[in-house]
Amino acid sequence: MLKLEPRAAPSQLMSYLSPVLAVLLTTLCGALLFALLGKNPLAGLSVFFWEPIRNVRGWTEIGVKCTPLILCAIGYAICYRSSIMSIGAEGMLVAGAIGGGGMALALDHGNNGGAGAIALVIVAGMLAGMAWASITALLKDRFNTNEILVSLMLVYVAQLLLGYLITGPWRDPMGFNFPQSKMFSSGFLLPTLVPTTRLNLGFVFAVLAALLGWVFLSRSFAGFRLQVGGMAPLAARYAGFSQRKALWTTLLISGAAAGLAGVIETIGPVGQLVLSMSPGYGFAAIIVAYVGRLHPIGILFSSFIMALFYIGGELAQSRLGLPNAITGVFQGMLLFFLLGADVLIAYRIRWSK
Amino acid sequence: MDTFLLLLAPALAATINAGTPLMLAAFGLLVNEKAGVLNLGAEGMMLLAAISGFAVTVGTGSATLGFIAGALGGMAAAAFFAVMVLWLNTNQYATGLALSIFGAGLSAFVGIPYTGISLKSTSMAIPVLSKIPFVGPVLFNHHPMVYIALVLCATLAWFLNHSRTGLVLRAAGESPESAHALGYNVRMIRLAAILFGGACCGLAGAYLALVYTPLWQEGMTAGKGWIALALTTFACWKPWRVVAGALLFGGVTILQLNLQGLGVAVPSQIMAMLPYVATIVVLALISRNPDWIRLNIPASLGKNFNPNSA
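These numbers were taken from a predicted model, which means no experiment stands behind them.

Re the overall build of chain B
Helix and strand content of chain B: 14 helices and two strands. Relative to the 2.2 N^0.38 estimate, which gives 19 Å for 310 residues, the radius of gyration of chain B is 20 Å and therefore close to what a compact globule would have. A principal-axis box enclosing the C-alpha atoms of chain B has dimensions of 65 × 45 × 40 Å. Burial statistics for chain B: of 310 residues in total, 53% are counted as buried.

Right under this line is the structure:
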């Protein structure tokens, strides 16, 4: 019989191999799923893993999808390393879209705009994301309220707030009553990196954020303090590292990052405020953070996989006639397999009679 | 006065209707948590159960079979969670989240052919009692599951506080080491609790799809699984307080719908925020006094117990 036997020390190698194993198992189960649905498994897999990387346009789309995933996942990584279990980046992202979009609507008179205006819009979005995150931090700080539940409830509140704004005060007067704001004029949109594609400056911000996150976590004293608090709260207390400071720092950072993601979507690929600013990037980023080992550089890789799943889902719809929702199935499988494969970090499999 | 009562009766009945799924799910989660297991996958289990129940009812025409399918669907999802957490020793928070994400994805995927179908709403008027003016329509004209939920509550209150097995279950949540040392199989106790939680969340999901809405829509639970998780804290892990909390949240939901119906000039989206905001406010109020939580929270909630390393 197979038996799990504790290792003498956690395996460093397995902690790097486990995400790879998880992706392989997800792929395998994906192939099975396609076969069960009566599709050619190879054709199905090629839609997910080959079609998106076949040409430049595909790569740019991956960059577009990676951007919000990286930003939200960096925030989660910093939170989770400090044992702050926020799961509400989706809400902060929407808040960022509202803040940035609101600022853009206020400034946009058609022919103005430019770098200064865009910077204002981005700052507004990041501040809005931070404000949204600070609700969770404040309630946890003052009332000891569970941050998992509060941050999640705030996702629904943010989405409803956006819905109210774009069906009410911010609705496009020329929009035939559709729930959306007006399209922002070109002076308020992020410049694209590759002409005629949707890949924009936001991607550069995301990669910079990942590098900054890496420096913060592994090269700064502040980042070190946070992680001690997460791994050994008593040691952190003994050393005089403030738990409250950790709570506020982590949540504000993740709010700023998710808010930036929201504003990038708004003045990037979307170009206006609409009802669904994000196909669940804020939730998918939880998986990205875990698969990336809560490490900013790992997150760059895992966001790539998750972006493939998003694009694969879209292509599966047009090419294979499968519903877009298949993306969610792949995402869930990936996290399950990762958690399962992580067992091998602390245990090894042995045959025993 | 008469017209006021005439308006009030359906609102109260609707409150009970809206509170029932929250109640059912929260009972299951309460038992989970009493055994020391935090299952953040409630939302995913409810969604999977909702689509299982709905599909079976559409296929067979029987709501009873639908509820059974819902409970089984919830249990199947919970079994998955149990194997990961109890045998593979995975983090309860992360595994629960995975279940919520996976449940949302899978239910949306398999539910597509069922979108747009709607079922006949079923309620059962209890003979004689339902004819009592005011009280009848409020209390005695519901789906049988409403009464089952209340019976379940009474059973749970007795089971947890007055039965030997209930004591053992609580021991597994307070101090699994002690329970293990006394010779109880903590893993099996927790497995049973998790499966029971799955079945309850399953019934809750099925109730939403078969009775409350009654139709299938992607993501139709809209955070009710998470609200049920908040309810167990709100109730300080006491079954009767779960009922009170569920009715409170049901009431907020209905208030919100009714005010919209009465044409109160508040935008519908702002009104729709009410249940979520209420959850946050209630959580803040209850968590404000650390002693309430500290005295009642199962001491080993969310902590894994591995018999091999004990």
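Comments concerning the UniProt feature "transmembrane region" (unreviewed entry) in chain B
Residues and elements named next belong to chain B. UniProt tags residues 37-58, 65-87, 93-117, 138-160, 191-213 and 269-286 as "transmembrane region" (unreviewed entry). In this annotation, residues 37-58 is assigned 77% helix and 0% strand; the end-to-end C-alpha distance for the span is 34 Å. Between the end C-alpha atoms of residues 93-117 there is a gap of 35 Å, over a span that is 76% helix and 0% strand.

Concerning the interface of chain A and chain B
Between chain A and chain B, the contact holds 37 residues from the first and 38 residues from the second. For the side of chain A that touches chain B, the elements supplying multiple residues, two or more each, are α5 (115-143), α6 (147-167), α11 (281-291) and α13 (326-341) of chain A. The residue makeup of the side of chain A that touches chain B, split by class, is 27 nonpolar, nine polar and one charged.

Some thoughts on the nonpolar core
Membership of the largest hydrophobic core comes to 223 residues, with the highest contact counts inside it found for Cys72 and Ala285 of chain A. Not counting chain neighbours up to four residues away, the residues in contact with Cys72 of chain A comprise Ala89, Leu93, Ala257, Ala258, Ala261, Tyr281, Gly282 and Ala285 of chain A.

Observations regarding the packing of helix α7 (residues 201-219) of chain A against helix α8 (residues 221-231) of chain A
Residue and element names in this part refer to chain A. Here α7 crosses α8 at 70°, and the two axes come no closer than 5 Å. Taken together, the axes of α7 and α8 lie roughly perpendicular to each other. For the pair formed by α7 and α8, the contact residues are Phe216, Leu217 and Ser218 on the first element and Ala222, Gly223 and Gln227 on the second.

Here's the deal with unusual backbone geometry
Residue and element names in this part refer to chain A. Positive phi is not limited to glycine here, since Ser83 has a value of about 60°. Examined against the element boundaries, Ser83 turns out to sit in the loop between α3 (56-81) and α4 (89-107). We note that Thr196 has phi near 65°; this positive angle belongs to a residue other than glycine. Residue class for Thr196 comes out exposed when judged on the 7 C-beta atoms lying within 10 Å of it.

Concerning helix α4 (residues 92-111) of chain B
Residues spaced three or four apart along an α-helix point in a common direction, a consequence of the helix completing one turn every 3.6 residues. Helix length check: α4 of chain B (20 residues) gives 27 Å between terminal C-alpha atoms against 28 Å at 1.5 Å per residue, within 8%. Where burial is concerned, most of α4 of chain B is hidden: 18 out of the 20 residues are buried.

Digging into the packing of α13 of chain A against α4 of chain B
Between α13 of chain A and α4 of chain B, whose axes approach to 7 Å, the crossing angle comes to 155°. By the angle between their axes, α13 of chain A is roughly antiparallel relative to α4 of chain B. Classified by chirality, the crossing of α4 of chain B by α13 of chain A is left-handed. Taking contact as the criterion, the partners of Ile326, Gly328, Val329, Gln331, Gly332, Met333, Leu335, Phe336 and Leu339 of chain A in α13 of chain A are, on α4 of chain B, Ala94, Thr95, Ala98, Ile101, Phe102, Ala104, Gly105, Leu106, Ala108 and Phe109 of chain B. Of the residues assigned to the contact of α13 of chain A with α4 of chain B, the class counts are 14 nonpolar, five polar and no charged.

A short note on the environment of Pro52 of chain A
When you line up the elements, Pro52 of chain A lands in the loop between α2 (41-49) and α3. With sequence-adjacent residues up to four places away left out, Pro52 of chain A is seen in contact with Gly58, Glu61, Ile62, Leu308, Ile311 and Gly312 of chain A.

Reading the values: rules and limits
- Residues numbered from 1 in each chain as written.
- Chains lettered and ligands numbered in written order.
- Predicted model: local features only at pLDDT ≥ 70, side-chain atom pairs only at ≥ 80, totals over all residues.
- Helix = DSSP H or I, 4+ residues; strand = E, 2+ residues; numbered from the N terminus.
- Rg over C-alpha atoms; globule rule 2.2 N^0.38 Å.
- Buried ≥ 20, exposed ≤ 12 C-beta atoms within 10 Å, placed from the backbone.
- UniProt positions renumbered as here; feature names shortened; annotations may be inferred.
- Contact = placed C-beta atoms within 7 Å.
- Nonpolar A, V, L, I, M, F, W, Y, C, P; charged D, E, K, R; others polar.
- Core = buried A, V, L, I, M, F, W, Y, C linked by C-beta atoms within 7 Å.
- Axes fitted to C-alpha atoms, helices over the stretch in contact; angles between N-to-C directions.
- Parallel < 35°, antiparallel > 145°, perpendicular 65-115°, else oblique.
- Expected span 1.5 Å × (residues − 1).
- Left-handed = near helix turned anticlockwise from the far one by under 90°.

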